[in-house]
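Chain residues, written in single-letter form:
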Amino acid sequence: APAAPARDVVEHSAPGAALALEPRGAYETGLFDEAAAEIVAHYPAAQRLLVVSAAAATVQVLDVADADDPTLLFELVTEGVGDIPAGAVANSVDVRGDGLAVVAVEAPEKTDRGWLAFFDVSGAEGQPLGAVRVGAQPDMVTLTSDGRRAVVANEGEPAEDYSVDPEGSISVVDLPRRLAAPSQQDAR
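Residues numbered from 1 in each chain as written. Predicted model: local features only at pLDDT ≥ 70, side-chain atom pairs only at ≥ 80, totals over all residues. Heavy atoms only, no water.

Moving on to the overall build of the chain. Tallying secondary structure elements over the chain gives zero helices and 13 strands in all. Secondary structure elements in the chain, listed N-terminal to C-terminal, are β-β-β-β-β-β-β-β-β-β-β-β-β. For the chain, whose C-alpha radius of gyration is 17 Å, the value lies close to the compact-globule estimate of 16 Å for 188 residues. Taken along the three principal axes of its C-alpha coordinates, the chain extends 45 × 45 × 40 Å. Considering the chain as a whole, with its 188 residues, one finds that 41% of them fall into the buried category. (Helix = DSSP H or I, 4+ residues; strand = E, 2+ residues; numbered from the N terminus. Rg over C-alpha atoms; globule rule 2.2 N^0.38 Å. Buried < 20%, exposed > 50% of the residue type's maximum accessible area, 1.4 Å probe, protein only.)

Following this line, the structure appears as structure tokens:
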């Protein structure tokens, strides 16, 4: 079923809370209790939210120009970007001021090395640009304040039976100044 604006938003605040927030709008992914809408990044130039849907292995891009009625524009599908196979999982996202989106992608076998996938979200459809390999189980990705590097925490969790236990690491990827994916040589 297609996702739709949420109608019944659950609100709760502690008695005497120092901060009060009033919901303006909401969006339902269509998934419940399945790792949906876990990480969100804002692209202010186009008033878009990039929302990780790990269960679907995608990033949903929402138009939030009308904060009262967020709407789905398109999805960033990581499968097929570079050599990212089916079964890979999107874990995190960040976006640069020019629309370069970076998605941390876990391999289908979580102990294998993952990827950072790159997209242009400044246009109408979210053009895939490429991917680079990083460490095992890339999770939290962030861009430096100057937009020159992507930094990702590679969790390296062991297999359920501990037969494989990859080392955790951090990958630093130099990004091109233009709206393009870096090359594998830019990742360390």
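Two side chains carrying opposite charge are able to pair once their charged atoms lie near each other. Evaluated as defined, the whole model comprises seven salt bridges. Lys110 serves as the salt-bridge partner of Glu160, at 3.8 Å between the closest nitrogen and oxygen. Residue Glu160 is found in the loop between strand E12 (149-154) and strand E13 (169-174), and its partner Lys110 is found in the loop between strand E8 (100-106) and strand E9 (113-120); the two are separated by 50 residues along the sequence. Among the charged side chains, a network of salt bridges with common partners joins Lys110, Glu157 and Glu160. (Salt bridge = Lys/Arg side-chain N within 4 Å of Asp/Glu carboxyl O.)

Let us look at the pairing of strand E11 (residues 138-143). Successive residues of a regular strand alternate their side chains across the two faces of the sheet. As paired elements, E11 and E12 share four bridges and run antiparallel to each other. What sits directly across from Leu143, in E12, is Ala150. Two successive antiparallel strands, E11 and E12, enclose a turn made up of five residues, where Gly147 displays a positive phi of approximately 75°. (Pairing = 2+ DSSP bridges.)

Moving on: the pairing of E12. Side chains Ala150, Val152 and Asn154 project from E12 onto a buried face, and the interleaved Arg149, Val151 and Ala153 project onto a face without burial. Pairing between E12 and E13: six bridges, direction antiparallel. In the sheet register, Val151 faces E13, and the bridge partner there is Val172.

Right, let's talk about the side chain of Arg96 for a bit. Considering the arrangement of structural elements, one finds Arg96 in the loop between strand E7 (89-95) and E8. Residue class for Arg96 comes out buried when judged on its relative accessible area of 9%. Side-chain polar atoms of Arg96 contact the side chain of Asp98, separated by 2.9 Å. Only 2.9 Å separates the side chain of Arg96 from the backbone oxygen of Pro176, close enough to count as a polar contact. What Arg96 contacts, discounting residues up to four positions off in sequence, is Tyr43, Leu143, Gly147, Leu175, Pro176, Arg177, Arg178 and Leu179. (Polar contact = N/O pair within 3.5 Å; in protein donor to acceptor, adjacent residues only side chain to side chain. Contact = heavy atoms within 4.5 Å.)

So, on to the sheet that holds strand E10 (residues 127-136). Here we have four strands laid out as an open sheet, ordered E7-E8-E9-E10, and antiparallel in their pairing. Two strands lie at the open edges of the sheet, namely E7 and E10, each paired on one side alone. Each strand of the sheet is rotated relative to its neighbour by a mean of 25°, with strand direction disregarded. With six bridges joining them, E7 and E8 adopt antiparallel strand pairing. The residue bridging Asp94 from the neighbouring strand is Val102, located in E8. (Axes fitted to C-alpha atoms, helices over the stretch in contact; angles between N-to-C directions.)

Pairing is antiparallel across the open sheet formed by three strands, whose spatial order is E11-E12-E13. The open sheet terminates on both sides in strands that have one partner only, identified here as E11 and E13. If you compare each strand with its neighbour and ignore which way they point, the axes differ by 20° on average.

What follows deals with the nonpolar core. The biggest cluster of nonpolar side chains holds 22 residues, and the ones touching the most others in it are Leu50, Leu76, Val103, Phe119 and Val121. Elements supplying a minimum of two residues to this core: strand E3 (36-43), strand E4 (48-53), strand E5 (58-63), strand E6 (71-77), E7, E8 and E9. Those residues in contact with Leu76, other than ones at most four positions away along the chain, are Leu50, Thr58, Val59, Val61, Ala101, Phe119, Val121 and Gly126. Listed in part, the 14 residues of the second largest apolar core include Leu100, Leu116, Leu143 and Leu175. (Core = buried A, V, L, I, M, F, W, Y, C linked by side-chain atoms within 4.5 Å.)

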